[in-house]
Amino acid sequence: MNWIQEMFGHDKAIIAMVHLKALPGDPGFDEEAGIEGVIDGARHDLLALQNGGVDGVVFTNEFSLPYPKGADFEMVASMAYVIGALRDDIKVPFGVHLIGDAQATLYLAAVTGAKFTRGTYHGVYLSLIHISEPTRPISIS
């Protein structure tokens, strides 16, 4: 049995994206709605996707435009905060993707309990990297 079968219970899984609105520090961040606006939008999408029958979701900072070449502390902290606020609503295995920063993606996965990631690692496009022990310290060389 492979990890996809173990995680999702069958051979082929439908994994949907929860695109977070612009985060604090992003040029398009809606200061009036604040972080609660980001959480509300993500909750709406998460629930719709789960109710639609997806097997898993990936949280990503799709609206951190223009895409950064690396994550700043605000971005990582904001994504962790949003995912933590949605914890009770998440009913399917989830992954994370912090656009433009593979190392931050792995750290975010570790602290949120994500089961997989999506992203670009050292110039190679990968999808669904299984993190078997998200609480284990991650060492990046």
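To be clear, the structure that these remarks concern was listed above.
These numbers come from a predicted model, not from an experiment.

1. Here's the deal with the side chain of Asn61
So, step 1. Here Asn61 is to be found in the loop between strand 2 (56-60) and helix 3 (73-85).
So, step 2. Among the polar contacts listed, one links the side chain of Asn61 to the backbone nitrogen of Ile99, at a separation of 2.7 Å.
So, step 3. Asn61 has contacts with Leu20, Leu23, Met75, Met79, His97, Leu98 and Ile99, leaving out every residue within four places of it along the chain.

2. Structural notes on the packing of aromatic side chains
Where two aromatic rings form a pair, the distance of their centres and the angle of their planes describe that pair.
So, step 1. Across all of its chains, the model carries 3 aromatic pairs by this definition.
So, step 2. Between Trp3 and Phe116 the ring centres are 6.5 Å apart and the planes differ by 40 degrees, which places this aromatic pair in the tilted class. Of the two residues, Trp3 is situated in helix 1 (residues 3-8) and Phe116 in strand 4 (residues 116-121); the sequence distance between them amounts to 113 residues.
So, step 3. For the ring pair Phe59 and Phe94, a centre distance of 5.8 Å and an interplane angle of 75 degrees mean the geometry is edge-to-face. A residue pair is termed long-range when its members are at least 10 positions apart, and Phe59 in strand 2 and Phe94 in strand 3 (residues 94-97) qualify at 35 residues. Accessibility assignment for this pair places Phe59 and Phe94 in one class, buried.

3. Focus: unusual backbone geometry
So, step 1. In this structure, Pro66 follows Leu65 across a cis peptide bond, with omega equal to -5 degrees.
So, step 2. Relative to the helices and strands, Pro66 is located in the loop between strand 2 and helix 3.

4. A few points about the pattern of salt bridges
So, step 1. For the structure shown, the criterion picks out 2 salt bridges.
So, step 2. Of the charged contacts, one joins Asp40 and Arg43 as a salt bridge, the two residues approaching to 4.0 Å between their closest N and O atoms. With a gap of 3 residues between them, Asp40 and Arg43 both fall in helix 2 (residues 34-51), about one helical turn apart.
So, step 3. For Asp40, a relative accessible area of 45% translates into the label partly exposed.
So, step 4. Arg43 sits in the partly exposed class, given a relative accessible area of 26%.
So, step 5. Each of Asp40, Arg43 and Asp89 takes part in a single network of salt bridges with overlapping partners.

5. Some details on the pairing of strand 3
So, step 1. Along strand 3, one buried face is formed by Phe94 and Val96 and the opposite face, lined by Gly95 and His97, is buried too.
So, step 2. Here 4 bridges tie strand 2 to strand 3, and the two strands are oriented parallel to one another. Residue pairing across strands places Val58 opposite Gly95, the latter belonging to strand 3.
So, step 3. Assessed by its sense of winding, the connection that carries the chain from strand 2 through helix 3 to strand 3 is right-handed.

6. A word on the environment of His97
So, step 1. Take His97: it is sitting in strand 3.
So, step 2. Take His97: its relative accessible area is 10%, and that puts it in the buried class.
So, step 3. As for His97 and Arg118, which are separated by 21 residues in sequence, their C-alpha atoms are 5.2 Å apart.
So, step 4. His97 has contacts with Val58, Phe59, Thr60, Asn61, Met79, Thr105, Arg118 and Gly119, leaving out every residue within four places of it along the chain.

Conventions adopted
- Residues numbered from 1 in each chain as written.
- Predicted model: local features only at pLDDT ≥ 70, side-chain atom pairs only at ≥ 80, totals over all residues.
- Heavy atoms only, no water.
- Helix = DSSP H or I, 4+ residues; strand = E, 2+ residues; numbered from the N terminus.
- Polar contact = N/O pair within 3.5 Å; in protein donor to acceptor, adjacent residues only side chain to side chain.
- Contact = heavy atoms within 4.5 Å.
- Phe/Tyr/Trp six-rings, centres within 6.5 Å; stacked < 30°, edge-to-face > 60°.
- Buried < 20%, exposed > 50% of the residue type's maximum accessible area, 1.4 Å probe, protein only.
- Salt bridge = Lys/Arg side-chain N within 4 Å of Asp/Glu carboxyl O.
- Pairing = 2+ DSSP bridges.
- Right-handed = clockwise from strand over helix to strand, strands pointing away.

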